[in-house]
Amino acid sequence: MMKTARILSTALALAGMALGQASPPAETSLTVNDKQVTIKYSAPSMRGRQIFGGLLPYDSVWRAGANSATSLHTTGDLMIGSLAVPKGDYTLYVWLDKNQWQLIVNKQTGQWGTEYNQAQDLGRVKMTMSKPPAPVEKYQMTLSNEGGAKASLKLAWENTVATVPITVK
């Protein structure tokens with residue numbers, strides 16, 4: 001009985017590790033004007049699947065990653081596009097549209113990624129859409145310093161790159 005329990009426990013642990021590797025935790029962070037901006041998400045891979053318009057349908061909200069909701073923490077006030085975002089903690093989602101994505105900043109935090117409550121939206125901002133030079137196998141979120149108080153957030157996966165400017169106050 002004890003040996004069976006140990007084998008089962010080991011098998012479950014290995015299965016959990018294998019599943020966790022499918023969409024490992026990832027983070028991007030940036031310091032601008034002595035203010036820290038950090039985004040934590042899970043980074044799934046294409047693995048031969050059609051992502052946008054397939055696995056993730058258009059005209060729907062996406063958790064901007066996998067597993068738990070994608071989190072944004074900022075120690076300074078931000079302007080994300082035209083949206084004022086006070087310092088604090090938020091969840092990021094994306095409204096997927098075939099032609100124009102919108103980044104959603106949501107005030108609810110700590111939930112599983114598919115638990116989206118539109119009533120908790122701080123707001124939405126349009127993203128600039130482009131195509132990468134080659135398909136992006138593993139989903140990436142990147143915060144980049146653009147000089148001065150300016151930064152940008154880029155989401156890249158499959159055949160899509162979506163970018164939004166950020167100003168740190």
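In the block above lies the structure referred to throughout.
Residues numbered from 1 in each chain as written. Predicted model: local features only at pLDDT ≥ 70, side-chain atom pairs only at ≥ 80, totals over all residues. Heavy atoms only, no water.

### Focus: the overall build of the chain
Looking only at helices and strands, one finds one helix and 13 strands in the chain. Traced from its N-terminal end to its C-terminal end, the chain shows the element sequence α-β-β-β-β-β-β-β-β-β-β-β-β-β. Per-residue burial over the chain gives 40% buried out of 169 residues. Here the contacts in the chain between residues at least 6 apart in sequence split such that 53% fall between residues at least 24 apart. A total of about 9,100 Å² of accessible surface is found on the chain, and carbon and sulfur atoms cover 54% of it. (Helix = DSSP H or I, 4+ residues; strand = E, 2+ residues; numbered from the N terminus. Buried < 20%, exposed > 50% of the residue type's maximum accessible area, 1.4 Å probe, protein only. Contact = heavy atoms within 4.5 Å. Areas by Shrake-Rupley, 256 points an atom, 1.4 Å probe, with all protein chains shown as cover.)

### Notes on the packing of aromatic side chains
Within this structure, the stated rule accounts for nine aromatic pairs. Judged by centre distance (5.6 Å) and plane angle (75°), the ring pair of F52 and W62 falls under edge-to-face. Here F52 is found in the loop between β2 (35-42) and β3 (60-62), whereas its partner W62 is found in strand β3, with ten residues between them in sequence. Of the two residues, F52 and W62, both sit in the buried class. Taking the centre distance of 5.8 Å and the plane angle of 90° together, the rings of F52 and W157 count as edge-to-face. (Phe/Tyr/Trp six-rings, centres within 6.5 Å; stacked < 30°, edge-to-face > 60°.)

### Points about the environment of V164
Among the structural elements, V164 can be located in strand β13 (residues 160-168). For V164, a relative accessible area of 0% puts it in the buried group. Separated by 13 residues in the primary sequence, V164 and A151 place their C-alpha atoms 8.9 Å from one another. Among residues more than four places away in sequence, those in contact with V164 are I80, G81, L103, V125, K126, M127, S152 and L153.

Keep in mind these values describe shape, not function.
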